[in-house]
Amino acid sequence: MTIDVFADIACPWCYIGEAHLAAALAQRPGLGVTRRWRPFQLQPDLPPSGGDIAFLDQKFGGPERRQAAFAHVTEAGERAGVRFDFEQLAGAPNTTDVHRLILLARTYGREWEMVDALFEGYFAEGRDLNDATDFEALAEHGGLPGADAGALLADDRFRKDVAQSQEIARRSGIGGVPLFLFGDKFALSGAQPVETFVQALDRATAPSG
């Protein structure tokens, strides 16, 4: 069975949800489940250089609301075993290229290692996902040659795939992420608890009839 994960690297709840799913899969070894990243951009209209903290303040309705939201996410991340350091956050990135990098990593068999490297780099280390140097460093951390990531920035590989995934999500009524599609059976929305993912795995892999 394939679990399609519609998510965005700029989404903290996607980071937490992905960690919860990974923990659930660890409780059900041997299921033969494959996870597949499906690009989704929360802010597809951001310029290539992304947006700054002022953009985030506008999105959340001011600095105080932004800080409160970040504190809530940080607490949830601690429970999930993932670290957030919003003091280092490098603004709001345009995530087209990091989605393309994940799709490139899939061809190396390093899709989820790359996802984890990008989440950690952005949310815990203050990496700028729209900076070429940080981009190549994170690619190497995820197991790809930095030169291959640099070449990706210079061409259009996987750009159509990112746009197509966004359109599929739109036509399917997916307006927010994370969204986890369990084969053609059912979907879970949001960063559900680990126990909910375990139950979903049991349901999705139970013999029919």
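In every chain, residue numbers begin from 1 and rise along the written sequence. Two thresholds apply to this predicted model, a pLDDT of at least 70 for residue-level local features and 80 or more for giving and counting side-chain atom pairs, whereas whole-chain, interface and lining totals are computed over all residues. Hydrogens and water are ignored here; the side-chain numbers use all heavy atoms of the structure.

Describing the side chain of Thr96
Only DSSP runs of H or I reaching four residues or more are called helices, and only runs of E reaching two or more are called strands; each is numbered from the N terminus. Positionally, Thr96 belongs in helix 4 (residues 96–107). There is a polar contact of 3.0 Å between the side chain of Thr96 and the side chain of Gln41. For Thr96, the contacting residues outside a window of four places in its chain are Gln41, Arg159 and Val162. Residues adjacent in sequence count toward polar contacts only when both atoms are side-chain atoms; beyond that, a polar contact is any pair of N or O atoms within 3.5 Å, and within protein one must be able to donate a hydrogen and the other to accept it. It only takes one pair of heavy atoms within 4.5 Å for two residues to be counted as in contact.

Notes on the sheet that holds strand 1 (residues 2–7)
Two strands qualify as a pair provided that DSSP identifies no fewer than 2 bridges between them. Across the sheet, which stays open at both edges, the four strands sit in the order 2-1-3-4 with mixed pairing between neighbours. Each of the sheet's edge strands pairs with one partner strand only, and the pair in question is strand 2 (34–39) and strand 4 (186–189). Across this sheet, the average inter-strand angle for adjacent strands is 20°, counted without regard to direction. The sheet contact formed by strand 1 and strand 2 spans six bridges and is parallel. Residue pairing for strand 2: Ala7 is matched across the bridge by Pro39. Sheet strands in contact with helix 5 (residues 111–123) are strand 1 and strand 2, and its direction is about 55° off that of strand 2. An axis is simply a line fitted to the C-alpha atoms; with a helix, the fit covers only the stretch in contact. Between two such axes, the angle follows the N-to-C directions and lies from 0 to 180 degrees. Its contacts with the sheet put helix 9 (residues 194–205) on strand 1, strand 3 (179–182) and strand 4, and the angle it makes with strand 4 is roughly 175°.

Quick look at the packing of aromatic side chains
Centre distance within 6.5 Å is the pairing criterion for rings of Phe, Tyr and Trp, where only the six-membered ring of Trp is used; planes under 30 degrees apart are then read as stacked, over 60 as edge-to-face, and the remainder as tilted. Enumeration over the complete set of coordinates arrives at 14 aromatic pairs. Aromatic pair Tyr15 and Phe119: ring centres 4.7 Å apart, planes at 10°, arrangement stacked. In this pair, Tyr15 is assigned in helix 1 (residues 12–27) and Phe119 in helix 5, connecting sequence segments 104 residues apart. Between Phe180 and Phe197 the ring centres are 4.9 Å apart and the planes differ by 85°, which places this aromatic pair in the edge-to-face class.

Digging into helix 2 (residues 53–60)
Of the residues flanking the start of helix 2, the one acting as N-cap is Asp52, its side-chain oxygen 3.1 Å from the backbone nitrogen of Ala54. Gly61 sits one or two residues past helix 2 and shows a positive phi near 95°.

Focus: the pattern of salt bridges
The term salt bridge refers to a pairing of a side-chain nitrogen on Lys or Arg with a carboxyl oxygen on Asp or Glu at a separation within 4 Å. Enumeration according to the criterion identifies 16 salt bridges in this entry. A salt bridge links Arg38 to Asp4, with the nearest nitrogen and oxygen atoms 3.6 Å apart. Placement of Arg38 in strand 2 and of Asp4 in strand 1 is noted, with a sequence separation of 34 residues between them. Among the ionic pairs, Asp134 bridges to Arg127, the shortest N-O distance being 3.1 Å. Partly exposed residues are those whose accessible area sits between 20% and 50% of the maximum for their type, while under 20% is buried and over 50% is exposed, using a 1.4 Å probe and protein chains only. Residue classification places Asp134 among the buried positions, given a relative accessible area of 16%. Taken together, the shared-partner salt bridges connect Asp97, Arg100, Asp155, Asp156, Arg157 and Arg159 into one network.

Section: the pairing of strand 3
Both strand 1 and strand 3 contribute to a ladder of four bridges, which runs antiparallel. Looking at the pairing, Asp4 lines up with Leu181 of strand 3. Summarising the sheet, strand 3 and strand 4 pair through four bridges and their orientation is antiparallel. The residue of strand 4 that forms the bridge with Phe182 is Phe186. Where strand 3 folds back onto strand 4 in an antiparallel hairpin, the turn is made up of three residues, including Gly183, whose phi is positive at roughly 55°.

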